[in-house]
Amino acid sequence: MHWRMAFPGLCVLLLIAVIFTSQGERHASLSDGVVAYFKRQQPVFAKKTLQLQQRIEQLHPGDSIALSAARQALRECRISYKSIAFFLEYFFASEAYVFNAPAKYEIEEPYIEYEEPVGMQQIEALLYDPQVYKHQRELAAEATVLVQTAQDLHALLYQFSVTEPQVMESIRQELIRIMTLYITGYDAPLLKSGIAEAAAAMKAIDTILTPYPDLDKKDSIKYYLQQGIRMLTTQPDFDSFDRLSFLVNNALPLQRLLLNSDHDLFSPSTLKKDVFPHNGITGDTALGRRLFFERALSGNTTRSCATCHQPERYFTDGLVRNRSLTGKEELPRHTPGLLYAGYQYSQFWDGRVQSLEEQVKAVMHSPQEMNANDDTVLYRLRNMPGYSGISLSKIQAGLAAYLRTLTPFNSPFDRYMAGNKQALTGEQREGGNLFMGKGQCATCHFAPLFNGLIPPLYNRTEFEVLGTPANDDLAHPLPDGDSGRLAFFPIDFYKGAFKTPTIRNAAVTAPYMHNGAFRNMEQVIDFYDKGGGNGIGLSMTNQTLSAVPLQLTPKEKKALIAFIEALTDKDPIAH
């Protein structure tokens, strides 16, 4: 999906007359206004990058004051960037990447190429490294790139043209970033400047939209913008910010107004229609449901899909690892759940196939799982009632169609986000704010799916190296020998990398992780709290999870578990 074509059909054409900007400039359209705004903000951001460069140059071993000044300069630089992020991220993604790429190697598939970490996130990682002064040359180089790129941004406007629907779409996508990335600390986990950055982004939206007198529902849009800005600026502390209240009372009403819709990011219909329009159900779901319980699909007719993905267990099996078809050996990995599997771009723990149809075929042909022979399976089925004219493609399409129906969205959390303020307890609300804040859970498990699809387009699946041990004794961890995605994509950064699954229904689908190492949620949270594999003493040179301890209190851990319990669907599927 092209990055400018996200959320098709949602652009609302605004018929705009003449407005005056805050500096008294006259513009004939929203398009002219946004260009003028960028021209004003670009030199401000360029100046902040220069100040950051100067502070980095002043770093000296043992000088804690200079280090604090450099971190503060980075904070100010990040906040200034968020004033123009909506514009750059949508219209000039390459330049935006230079400024705000993740602080890890980004893999370009299928070419097995990678891009080194660059920009402000990488500078943050280096400035907070215990060996920060050993990185001075790298810090200086990163700062130079920032300065040069920021100073040249004005050149992007040469022969640049923009339409009003494009401006509105850039703003809608930025609002999703505010809700899912900025307030969660995704791109500033150590600075914890996410609330201030979100405020800067909201102010930018306000500056662009509110001067236009003909903006549809302008008064309501302005109200929610200003209320959101007020909350972000009066409650700037990252750890204590009330994210759930911000979402329900400010951001989501604003999004509905901008979409001109009764639905928002947390509405299932929005996900199905606008985020995953390509993921429509095209096969025969009734056939797929019957096939899901059909043992004739396995080589020895002893196993069906439901054998390992039991509906009463939320489509898992409750085992550390299931056994092979013959029962002689354990399968190499823990059985993943199937609920919300349709909302992924990669299937299996290592993401080795891209669709549910491919997944069905791979499982059927796996000697350890189903060990099916196509001709034998088709012969059996065609001689059974109800399977006349069956083919392998119909089996794949039917099962995939059924799996795409496994999206209940009826948890207490879903009811709360839909407007039922009594659906969550106080402890669960506290846990939700921790999940999206201090606990940093939502920096990998992105709302509203709480899996590894990255907002705002949700078109790329994250693979993370957590350093999960082979056992659950965090005081005496054993290294896990599973190479993860490396076996599928032979590039070192994928060693031990696995797909980020959804947290929905995690409370009732123990054990956890790709190897089933952790028996309960308490162990999982302790593992993350300590900083993953590196935090518990394993040597993980390519770990993508921060090794900095979260320092969660026992009360906070308990609240996190309560929130995860609130992500449990009341009725996972009607059988």
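Residues numbered from 1 in each chain as written. Predicted model: local features only at pLDDT ≥ 70, side-chain atom pairs only at ≥ 80, totals over all residues. Heavy atoms only, no water.

1. Quick notes on the confidence of the model for the chain
Parts of the model with low pLDDT should not have their predicted coordinates read in detail.
Thinking step 1. For the chain, the mean per-residue pLDDT works out to 91, and 92% of the residues sit at or above 70.
Thinking step 2. For the stretch residues 1-27, pLDDT sits under 50, and the model shows 70 contacts to residues farther than four places along the chain or on other chains. (pLDDT = per-residue confidence, 0-100. Contact = heavy atoms within 4.5 Å.)

2. Notes on the packing of aromatic side chains
Thinking step 1. Following the criterion strictly, the structure yields 31 aromatic pairs and no others.
Thinking step 2. Their ring planes at 25 degrees and their centres at 4.6 Å tell us that phenylalanine 38 and phenylalanine 87 sit as a pair that is stacked. In this pair, phenylalanine 38 sits in helix H1 (residues 30-57) while phenylalanine 87 sits in helix H3 (residues 85-91), placing the two residues 49 residues apart along the sequence.
Thinking step 3. Residue classification places phenylalanine 38 among the buried residues on the basis of a relative accessible area of 1%.
Thinking step 4. Consider the rings of phenylalanine 266 and phenylalanine 413, whose centres lie 5.9 Å apart with planes at 65 degrees: the pair is edge-to-face. (Phe/Tyr/Trp six-rings, centres within 6.5 Å; stacked < 30°, edge-to-face > 60°. Helix = DSSP H or I, 4+ residues; strand = E, 2+ residues; numbered from the N terminus. Buried < 20%, exposed > 50% of the residue type's maximum accessible area, 1.4 Å probe, protein only.)

3. Comments concerning the side chain of serine 391
Thinking step 1. With respect to the element layout, serine 391 can be found in the loop between helix H15 (374-382) and helix H16 (392-403).
Thinking step 2. A polar side-chain atom of serine 391 sits 3.1 Å from a polar atom in the side chain of serine 393.
Thinking step 3. Among residues more than four places away in sequence, those in contact with serine 391 are Leu378 and Arg382. (Polar contact = N/O pair within 3.5 Å; in protein donor to acceptor, adjacent residues only side chain to side chain.)

4. Concerning helix H6 (residues 136-151)
Thinking step 1. In this model, H6 (16 residues) spans 22 Å end to end at C-alpha, consistent with the 22 Å of a helix rising 1.5 Å per residue.
Thinking step 2. The complete set of buried residues in H6 reads Leu139, Glu142, Ala143, Leu146, Val147, Thr149 and Ala150.
Thinking step 3. Against H1, helix H4 (93-100) and helix H5 (120-127) lie the buried residues of H6. (Expected span 1.5 Å × (residues − 1).)

5. Comments concerning the pattern of salt bridges
Thinking step 1. Going through the model one piece at a time under the given rule, you end up with 22 salt bridges.
Thinking step 2. As a salt-bridge pair, arginine 78 and aspartate 187 come within 3.2 Å of each other at their nearest N and O atoms. Highlighted residues: arginine 78 in helix H2 (residues 64-81) and aspartate 187 in the loop between helix H7 (164-182) and helix H8 (194-209), separated in sequence by 109 residues.
Thinking step 3. Accessibility expressed as a relative area gives 3% for aspartate 187, which makes it buried.
Thinking step 4. The shortest N-O distance in the salt bridge between lysine 558 and glutamate 427 comes to 2.9 Å. In this pair, lysine 558 sits in helix H21 (residues 554-565) while glutamate 427 sits in helix H18 (residues 426-435), placing the two residues 131 residues apart along the sequence.
Thinking step 5. Note on lysine 558: relative accessible area 53%, which makes it exposed.
Thinking step 6. Among the charged side chains, a network of salt bridges with common partners joins Arg78, Lys82, Asp187 and Glu197. (Salt bridge = Lys/Arg side-chain N within 4 Å of Asp/Glu carboxyl O.)

6. Observations concerning the state of the cysteines
Thinking step 1. Under the counting rule described, the total for this entry stands at 0 disulfides.
Thinking step 2. Not engaged in a disulfide, the cysteine cysteine 308 finds its nearest cysteine sulfur in cysteine 305; these two sulfurs lie 9.0 Å apart.
Thinking step 3. Assessed through its relative accessible area of 10%, cysteine 308 is described here as buried.
Thinking step 4. For cysteine 444, which is in no disulfide, the shortest distance to another cysteine sulfur is to cysteine 441 and amounts to 9.1 Å. (Disulfide = S-S within 2.5 Å.)

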